[in-house]
Amino acid sequence: MVPIRLDAAKQHYATSSLVIGYALCSSLLAVINKFAITKFNYPGLLTALQYLTSALGVWVLGKLGFLHHDPFVLDIAKKFLPAAVVFYLAIFTNTNLLRHANVDTFIVFRSLTPLLVAVADTAFRKQPCPSKLTFLALLTILGGAVGYVATDNGFTLTAYSWAFAYLVTITTEMVYIKHMVTNLGLNTWGFVYYNNLLSLMMAPLFWIATGEYADVFTAVGSNDGNLFNVVAFSAVSLSCVFGLLISFFGFAARKAISATAFTVTGVVNKFLTVAINVMIWDKHATPFGLVCLLVTLAGGVLYQQSVTGASNVPSQRESSVPNQMDADSDDNEKEKERKGKISGV
């Protein structure tokens, strides 16, 4: 019994560490990306640089022996490509949303995803329906978001068009990539490598399709310094580093907890983002808008309490998934028997 308890404690702390790491990276990255996009107003190029840093970083660290990632195999890349496309669209719409709206608006729309992910999880991944308390928590998130939108004096059609596009893509990404990490069989660094490398390959297509390449070439030709000044370089470099960190912690956390719990984790940690945003920016929501935003985040906390209380129900949520998955039916059955909510995440 003692070894089993020790293993369970180790698993608990490992999962908690991954979720905390993801929460810190996620809470800081929104502010960092907003700062980067104000100093380097080229969202397509910014995301491409983030993908390059992450893919190259994993490859170099793998060559030096600091980590192990799955090798690039064309057949696996073909299977993972749809997930990479969805991921790219989520990041692309996210960056453009931050370009046209303040951080508070981004957080509110990000906060709506748990409700949609919970519905999608139940509809497409055959997960159990949320309990009444869980559904109440998700509706609280929705109510706070509606209140914020109704009082948003920074409303523009462009900003909210990107917001709705982001909402659709991030919800799809949360559910579909959870399905991929559960079934494809790559280790965490393998997912980071495939995801960022495939996204980097797609970046030039969007760069040309949006016409951003013309703006970049014009800026380079005019020598106005916007591309190469120290502040812009520092902001872009910091966003690239945090892009690599959130790639690792994001995929590792996706393996450890359910899609909805992972989504809510990304919502709750935004308390820190709101605090930083209020302190350093003058472009944030009205006092009532901030109250609605806090209601939205409180709904995330209520959700966490509702699912933690159901931790003894074996089928409520998914447990951690091993790095390398077996595809045979016996292991799949064993994995189903191990499903359960991990408390404290």
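For clarity, every value in this text was computed on a predicted model and none was experimentally measured.

**Student:** Could you give an account of the overall build of the chain, naming the residues involved and the relevant values?
**Tutor:** Helix and strand counts for the chain come out as 14 helices and zero strands. Taken over 345 residues, the chain has a buried fraction of 51%. Excluding contacts between residues fewer than 6 apart, the proportion of contacts in the chain whose partners are at least 24 apart in sequence is 86%. Total accessible area on the chain is roughly 15900 Å²; 69% of this is exposed by carbon and sulfur atoms.

**Student:** I'd like a rundown of the packing of helix α2 (residues 43-63) against helix α10 (residues 230-256), residues and numbers included.
**Tutor:** Running from N to C, α2 and α10 cross one another at 55 degrees; their axes reach a closest spacing of 8 Å. As the angle between them shows, α2 and α10 are arranged oblique. In terms of crossing hand, the pair formed by α2 and α10 is right-handed. Contacts between α2 and α10 involve Leu46, Leu49, Gln50, Thr53, Ser54 and Val58 from the first element and Val236, Ser239, Cys240, Gly243, Leu244 and Ser247 from the second.

**Student:** Residues and numbers for the environment of Thr93, please.
**Tutor:** Structurally, Thr93 is set in helix α3 (residues 74-100). When its relative accessible area of 5% is taken as the criterion, Thr93 is described as buried. Remark: the alpha-carbon pair of Thr93 and Trp162, spanning 69 residues in sequence, is separated by 6.0 Å.

**Student:** Please set out the nonpolar core residue by residue, giving values where relevant.
**Tutor:** Counting 28 residues, the largest nonpolar core has Leu97, Phe106, Ile107, Phe109, Val274 and Leu293 as the members making the most contacts within it. The set of elements that each furnish at least two residues to this core consists of α3, α4 (103-111), α5 (113-124), α6 (132-150), α7 (157-183) and α13 (287-308). Looking at this core element by element, the count peaks at eight residues for α7. Ranked by size, the runner-up nonpolar core spans 25 residues in total, among them Leu67, Ala84, Phe191 and Ala203.

**Student:** Break down the packing of aromatic side chains for me, citing the residues and quoting the values.
**Tutor:** The tally for this structure, following the rule as stated, stands at 18 aromatic pairs. Residues Phe92 and Trp162 carry aromatic rings whose centres are separated by 5.8 Å and whose planes lie at 70 degrees to one another, so their mutual orientation is edge-to-face. Here Phe92, found in helix α3, pairs with Trp162, found in helix α7; they are 70 residues apart in sequence, far enough to count as distant. Between Tyr213 and Phe217 the ring centres are 6.1 Å apart and the planes differ by 75 degrees, which places this aromatic pair in the edge-to-face class. Residue Tyr213 and its partner Phe217 are located together in helix α9 (residues 212-222), separated by four residues, close to a single helical turn. Judged by its relative accessible area of 52%, Phe217 falls in the exposed class.

**Student:** Please set out α2 residue by residue, giving values where relevant.
**Tutor:** Taking 1.5 Å per residue as the helical rise, α2 with its 21 residues ought to reach 30 Å, and the 30 Å between its terminal C-alpha atoms agrees with that figure. Listing the buried residues of α2 in full gives Pro43, Gly44, Leu45, Leu46, Thr47, Ala48, Gln50, Tyr51, Ser54, Ala55, Gly57 and Val58. Immediately beyond the C-terminal end of α2, within one or two residues, lies Gly65, with a positive phi of roughly 85 degrees.

**Student:** Can you lay out a nonpolar patch on the surface for me, pointing to particular residues and giving the numbers?
**Tutor:** A surface patch of nonpolar side chains, amounting to about 670 Å² of accessible area, comprises Leu52, Leu56, Trp59, Val60, Leu61, Leu64 and Phe66. Within the secondary structure, Trp59 sits in helix α2.

**Student:** Could you give me a rundown of α9, with the residues and numbers involved?
**Tutor:** Taken together, the buried positions of α9 are Glu212, Val216 and Ala219. All buried residues of α9 project into a common sector of 65 degrees when viewed along the axis, lining one side. Relative to its buried face, α9 has exposed residues pointing more than 90 degrees away, namely Phe217, Thr218 and Gly221. Residues of α9 that are buried sit in contact with α2 and α8 (188-209).

**Student:** Describe the confidence of the model for the chain, naming the residues involved and giving the relevant values.
**Tutor:** Should the pLDDT be low somewhere, the predicted coordinates at that spot are not to be read in detail. Residues at a pLDDT of 70 or more form 74% of the chain, whose mean pLDDT is 75. The spread of mean pLDDT over the elements of the chain runs between helix α14 (residues 329-337), the lowest at 36, and α2, the highest at 90. A low-confidence stretch, residues 309-345 stays under pLDDT 50, and its non-local contacts, those more than four residues away or across chains, total 71 contacts.

**Student:** Outline the side chain of Thr171, supporting the account with residue identities and numerical values.
**Tutor:** Tracing the sequence through the fold places Thr171 in helix α7. In this view, Thr171 contacts Thr113, Leu116 and Val117; residues no more than four positions away in its chain are not counted.

**Student:** How would you sum up the environment of Ala298? Please name residues and give values.
**Tutor:** The topology assignment puts Ala298 in helix α13. For Ala298, a relative accessible area of 37% puts it in the partly exposed group. It is 8.4 Å that separates the C-alpha atoms of Ala298 and Ala137, two residues lying 161 residues apart in sequence.

Reading guide: rules and limits
Residues numbered from 1 in each chain as written. Predicted model: local features only at pLDDT ≥ 70, side-chain atom pairs only at ≥ 80, totals over all residues. Heavy atoms only, no water. Helix = DSSP H or I, 4+ residues; strand = E, 2+ residues; numbered from the N terminus. Buried < 20%, exposed > 50% of the residue type's maximum accessible area, 1.4 Å probe, protein only. Contact = heavy atoms within 4.5 Å. Areas by Shrake-Rupley, 256 points an atom, 1.4 Å probe, with all protein chains shown as cover. Axes fitted to C-alpha atoms, helices over the stretch in contact; angles between N-to-C directions. Parallel < 35°, antiparallel > 145°, perpendicular 65-115°, else oblique. Left-handed = near helix turned anticlockwise from the far one by under 90°. Core = buried A, V, L, I, M, F, W, Y, C linked by side-chain atoms within 4.5 Å. Phe/Tyr/Trp six-rings, centres within 6.5 Å; stacked < 30°, edge-to-face > 60°. Expected span 1.5 Å × (residues − 1). Patch = residues over 30% accessible without salt bridge, like charges linked within 9 Å, V, L, I, M, F, W, Y side chains within 5 Å. Salt bridge = Lys/Arg side-chain N within 4 Å of Asp/Glu carboxyl O. Arc of directions from axis to C-beta. pLDDT = per-residue confidence, 0-100.

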